[in-house]
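One-letter residues, chain by chain:
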Amino acid sequence: RMFMLDKLFNKLSSRRDDKYIEIKNTPKKYVMEQLEQGNDVLLEIEMQGALKIKEKFPEVSLIFITPPSVEELKNRLINRGTETMEVIEKRVKRAAQECVYMQEYNYIVENDSLEVCIEQIHALLQSIHFENKNQKNLIENIRKDFDQYR
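**Student:** What is the right way to look at the overall build of the protein in this model?
**Tutor:** Of the regular secondary structure elements, the protein holds 7 helices and 5 strands. The secondary structure elements of the protein, listed N-terminal to C-terminal, are β-α-β-α-β-α-β-α-α-β-α-α. Buried residues in the protein amount to 31% of all 150 residues. Across the protein, the fraction of contacts at a sequence separation of at least 24, relative to all contacts at a separation of at least 6, is 65%.

**Student:** I'm lost on the nonpolar core in this one. Help?
**Tutor:** Taken as a class, soluble globular proteins show a tendency for nonpolar side chains to be buried jointly. Among the nonpolar cores identified, the biggest contains 10 residues, and these are Leu42, Ile63, Ile65, Tyr107, Val109, Cys117, Ile121, Leu124, Leu125 and Ile128. For this core, the secondary-structure elements that each account for two or more residues are β4 (61-66), β5 (107-110) and α6 (114-128). For this core, the leading source of residues is α6, giving 5 residues. With residues near it in sequence (within four places) discarded, tyrosine 107 still touches Ser61, Leu62, Ile63, Phe64, Leu124, Ile128 and Glu131. Counting 8 residues, the second largest nonpolar core, distinct from the first, contains Ala50, Leu51, Phe57 and Leu62.

**Student:** Please clarify how a nonpolar patch on the surface should be interpreted in this entry.
**Tutor:** A cluster of nonpolar side chains, contributed by Leu138, Ile142, Phe146 and Tyr149, occupies part of the molecular surface with about 460 Å² of accessible area. Mapping phenylalanine 146 onto the fold places it in helix α7 (residues 136-146).

**Student:** Is there a simple way to think about the environment of leucine 43 in this case?
**Tutor:** Along the chain, leucine 43 turns up in strand β3 (residues 40-44). With relative accessibility at 9%, the residue leucine 43 sits in the buried group. Separated by 12 residues in sequence, leucine 43 and valine 31 have C-alpha atoms that sit 9.3 Å apart.

**Student:** Before we go on, may I ask you to explain the packing of aromatic side chains in this structure?
**Tutor:** Aromatic ring pairs are described here by two measures, namely the spacing of the ring centres and the angle between the planes. All chains considered together, the criterion is met by 2 aromatic pairs. Centroid distance phenylalanine 64 to tyrosine 105: 5.1 Å. Interplanar angle 85°. Geometry classified as edge-to-face. With a gap of 41 residues between them, phenylalanine 64 in strand β4 and tyrosine 105 in the loop between α5 (85-99) and β5 connect regions that are remote in the sequence. Given the relative accessible area of 11%, tyrosine 105 is considered buried.

**Student:** How do you make sense of the pairing of β4 when you look at a structure like this?
**Tutor:** Buried residues dominate β4, accounting for 6 of its 6 residues. What you see with β4 is no split at all: Ser61, Ile63 and Ile65 on one side and Leu62, Phe64 and Thr66 on the other are buried throughout. Of the strand pairs in this sheet, β4 and β5 are connected by 4 bridges, and their pairing is parallel. When the bridges of β5 are listed, isoleucine 63 appears paired with tyrosine 107.

**Student:** Please clarify how helix α3 (residues 47-56) should be interpreted in this entry.
**Tutor:** An α-helical segment advances 3.6 residues per turn. Residues three or four places apart therefore align on the same side. Of all the positions in α3, only Met47, Ala50, Leu51 and Lys54 are classed as buried. Across the axial projection of α3, the buried residues extend over an arc of 95°, all falling on one side. Exposed positions of α3 whose direction lies more than 90 degrees from the buried face are Gln48, Lys52, Glu55 and Lys56.

Criteria and cut-off values
Residues numbered from 1 in each chain as written. Predicted model: local features only at pLDDT ≥ 70, side-chain atom pairs only at ≥ 80, totals over all residues. Heavy atoms only, no water. Helix = DSSP H or I, 4+ residues; strand = E, 2+ residues; numbered from the N terminus. Buried < 20%, exposed > 50% of the residue type's maximum accessible area, 1.4 Å probe, protein only. Contact = heavy atoms within 4.5 Å. Core = buried A, V, L, I, M, F, W, Y, C linked by side-chain atoms within 4.5 Å. Patch = residues over 30% accessible without salt bridge, like charges linked within 9 Å, V, L, I, M, F, W, Y side chains within 5 Å. Areas by Shrake-Rupley, 256 points an atom, 1.4 Å probe, with all protein chains shown as cover. Salt bridge = Lys/Arg side-chain N within 4 Å of Asp/Glu carboxyl O. Phe/Tyr/Trp six-rings, centres within 6.5 Å; stacked < 30°, edge-to-face > 60°. Pairing = 2+ DSSP bridges. Arc of directions from axis to C-beta.

Below is the structure:
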């Protein structure tokens, strides 16, 4: 399974016991090889790229991570002390443009607390494994097993 995440989840993939692979600027061939091997792939990708990939691969799960408010986003960016106010304003404007497309994502997670958000995403990724669309082999095997009783 392929998941689209934002920059927050460098930490998630490094904390995982499962076979998750985080990929940045990696060729499509490598991504497809990982998926064929049964690995989940976490892609850090901007909104426009995520939507394009979703068009080509509808089975992809898109996860939109949002701060609890614009003010909180601004405060976080200011408190980092790494960017000018001009850059911060540009980032906030970009976030405003991206939030218009939130409804295009499969899941929305609020990042109010980093640790809580990571745990929520971890639980979400685990639950996606149990969706009907991801259990086709199990469904087929169970049906075949019960065929003798029909």
